[in-house]
Amino acid sequence: MKNIAVLTSGGDAPGMNAAIRAVVRMGIISGFNVFGVRKGFRGLINGDFEKMNESSVSDIIQRGGTILQTARSEEFKTEEGQDKAAKMAKIFDIDGLVVIGGDGSFAGAKRLSEKGVACIGVPGTIDNDLAYTDYSIGFDTAVNNVLDAINRIRDTSSSHERASIIEVMGRYSGDIALYAGLAGGAEGIIVPEMGFELDDICRLLIERKNKGKLHSIIILAEGAGDAKQLEQQIMENVDIEVRSTILGYIQRGGSTTAFDRILASRLGARAVELLAEGKSSRVVGIRDNKLIDMEIVEALGMKKVFPRELYELAIKLQ
Ligand code: F6P
């Protein structure tokens, strides 16, 4: 194997740049020519490649987003699109590919591996919804972005004695809501894995108010409900002013935390090592702070276990 490539796919995540940097630098150290593929699998289909050198990845370790850009390619989901992508890799003599993304990107990497392009997946998604790894790149930065927002919203909430609902990302996973809620001392955490009863939320807010609390913060994962709707429902039931804030894409950008930079550097470098060892169709991850790797198909087949003890702790400490 002489030429390897790296791409980012799906929703961007802070730390993807740190992972690209690690792949490029480790690739060069290992004696590979390293190519960057722009715009994910769509770029692979179109042959949108760029030869990378050490300085192509200078000054990016701290930056959110992805210098290679990303895309959700409909064409690549088809057999024809995958054939075109594999053909393009052959034309450019690329035998190994590092795919940085989430479960959809890993499914694509598996298909490409079956078509003869050795692929290694690196977990990059703020949702932290991949079961096989304790953490995915971008999650920690997103949690810290939410924490920053909680602090700001708390100031204005107590000034007006309001309850605030903060809607965070996480379509199927409540990890961002849970970790930010626990770290931010939120009064309520609503996640898709646990659901919620409106009456419980109303009772909680009244109890807080009766204890003389000036504000209450409820963190709502987007997959568990709609912030505006919940705001209305609460105000119909209790005499407390409620305001909701949907944080949206602000969570996905900004400077990458040290945790994510270190995680991305370790995982990116390990992915290159696996390609150098002739491995394919595998993903890298982290468990108990140790790097692991396994078959993509095995990783995708695992069901994420919600950290219930953290949720229960957060509820106790409210
Ligand atoms: O997968 C990460 C994520 O940020 C989700 O939490 C969110 O619902 C989704 O991506 C939105 O991404 P986009 O609008 O870019 O498709």
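The rules behind each value
Residues numbered from 1 in each chain as written. Predicted model: local features only at pLDDT ≥ 70, side-chain atom pairs only at ≥ 80, totals over all residues. Heavy atoms only, no water. 1 Å grid on protein atoms, 1.4 Å probe; cavity = no way out; pocket = protein on both sides within 12 Å on 5 of 7 lines; lining within 4 Å. Points joined across faces, edges and corners; volume = space filled by probe spheres on them. Helix = DSSP H or I, 4+ residues; strand = E, 2+ residues; numbered from the N terminus. Expected span 1.5 Å × (residues − 1). Buried < 20%, exposed > 50% of the residue type's maximum accessible area, 1.4 Å probe, protein only. Contact = heavy atoms within 4.5 Å. Domains from an automatic or database assignment. Buried area = accessible area lost by both parts, 1.4 Å probe. Salt bridge = Lys/Arg side-chain N within 4 Å of Asp/Glu carboxyl O. Polar contact = N/O pair within 3.5 Å; in protein donor to acceptor, adjacent residues only side chain to side chain. Nonpolar A, V, L, I, M, F, W, Y, C, P; charged D, E, K, R; others polar. Pairing = 2+ DSSP bridges. Axes fitted to C-alpha atoms, helices over the stretch in contact; angles between N-to-C directions. Phe/Tyr/Trp six-rings, centres within 6.5 Å; stacked < 30°, edge-to-face > 60°. Near = heavy atom within 4 Å. Areas by Shrake-Rupley, 256 points an atom, 1.4 Å probe, with all protein chains shown as cover. Sits in = over half its atoms within 2 Å of the grid points.

Caption draft 1: Quick look at empty space enclosed by the protein. Inspection of the entire model under this criterion finds 1 cavity of 30 Å³ or more. Volume-wise, the largest cavity comes out at about 80 Å³. Lining the largest cavity, in full, are Glu 161, Arg 162, Ala 163, Leu 205, Arg 208, Lys 209, Lys 213, Leu 214, His 215, Ser 216 and Ile 240. When residues in the lining of the largest cavity are grouped by element, the largest group, 3 residues, is from helix α7 (residues 198–210).

Caption draft 2: Highlighting helix α1 (residues 16–29). If you check α1, its first and last C-alpha atoms are 20 Å apart, about what 14 residues at 1.5 Å a residue would give, namely 20 Å. When we look at burial in α1, the residues that qualify are Met 16, Asn 17, Ala 18, Ala 19, Ile 20, Ala 22, Val 23, Val 24 and Gly 27. Of the surrounding secondary structure, the elements contacted by the buried residues of α1 are β1 (3–8), β2 (33–37), β3 (49–52), β4 (96–101) and α9 (258–276). Phi for Gly 31, located one or two positions after α1, is positive at around 90 degrees.

Caption draft 3: The arrangement of the domain arrangement of the protein in detail. Partitioning the protein into domains gives domain 1 (3–138 + 256–301) and domain 2 (142–253). Taking only C-alpha atoms, the centre of domain 1 and the centre of domain 2 are 34 Å apart. The partner domain 2 presents 11 residues to the 11 residues of domain 1 that form the contact. Summed over both sides, the interface between domain 1 and domain 2 buries roughly 960 Å², with carbon and sulfur atoms accounting for 48% of that surface. Taken as a group, Asp 12, Ile 126 and Asp 127 account for 47% of the area that domain 1 buries against domain 2, more than any other trio of residues on that side. At the junction of domain 1 and domain 2, the tally comes to 1 salt bridge. A salt bridge links Arg 252 to Asp 12; its shortest N-O distance comes to 2.9 Å. Between the two partners, domain 1 and domain 2, sit 4 residue pairs in polar contact (both at pLDDT 80 or more). Its residues assigned to classes, the side of domain 1 that touches domain 2 comprises 3 nonpolar, 4 polar and 4 charged.

Caption draft 4: Seen up close, the sheet that holds strand β6 (residues 163–168). Pairing in this open sheet of 4 strands is parallel, and the strands run β7-β8-β6-β9 from one edge to the other. Each having just a single partner strand, β7 (188–190) and β9 (242–246) make up the two edges of the open sheet. Across this sheet, the average inter-strand angle for adjacent strands is 15 degrees, counted without regard to direction. Sheet topology note: the β7/strand β8 (residues 216–221) ladder contains 3 bridges and is parallel. Bridge pairing in β8 places Ile 189 opposite Ile 219.

Caption draft 5: Focus on unusual backbone geometry. One non-glycine residue, Lys 39, lies in the positive phi region at around 60 degrees. By the secondary structure assignment, Lys 39 is in the loop between β2 and α2 (40–46). The exposure class of Lys 39 is partly exposed, given its relative accessible area of 32%.

Caption draft 6: Inspection of the packing of aromatic side chains at higher detail. The full count for this structure, using the stated rule, is 8 aromatic pairs. The interplanar angle of 80 degrees and the centroid separation of 4.6 Å between the aromatic rings of Phe 49 and Phe 92 together place this pair among those described as edge-to-face. Here Phe 92 lies in the loop between α3 (79–91) and β4 and Phe 49 lies in strand β3, a separation of 43 residues in the sequence. Phe 92 sits in the partly exposed class, given a relative accessible area of 35%. Judged by centre distance (6.2 Å) and plane angle (20 degrees), the ring pair of Tyr 135 and Phe 139 falls under stacked. Owing to a relative accessible area of 3%, Phe 139 belongs among the buried residues under this scheme. Taken together, the ring pairs in this structure connect Tyr 135, Phe 139, Tyr 179 and Phe 259 into an aromatic cluster.

Caption draft 7: How the structure looks around the site of the ligand. Taken together, Arg 72, Ile 126, Asp 127, Met 169, Gly 170, Arg 171, Glu 222, Tyr 249 and Arg 252 make up the full set of residues near the ligand. For the ligand, an oxygen atom lies 2.9 Å from a polar atom in the side chain of Arg 72. Here Tyr 249 contributes a side-chain N or O atom positioned 2.4 Å from an oxygen atom of the ligand. When isolated, the ligand has an accessible area of 400 Å², and the protein chains bury 77% of it. If you map the ligand onto the pockets, it falls in the largest pocket. Residue classes in the shell around the ligand are distributed as 3 nonpolar, 1 polar and 5 charged. Counting residues domain by domain, the shell around the ligand receives three or more from each of domain 1 (3–138 + 256–301) and domain 2 (142–253).

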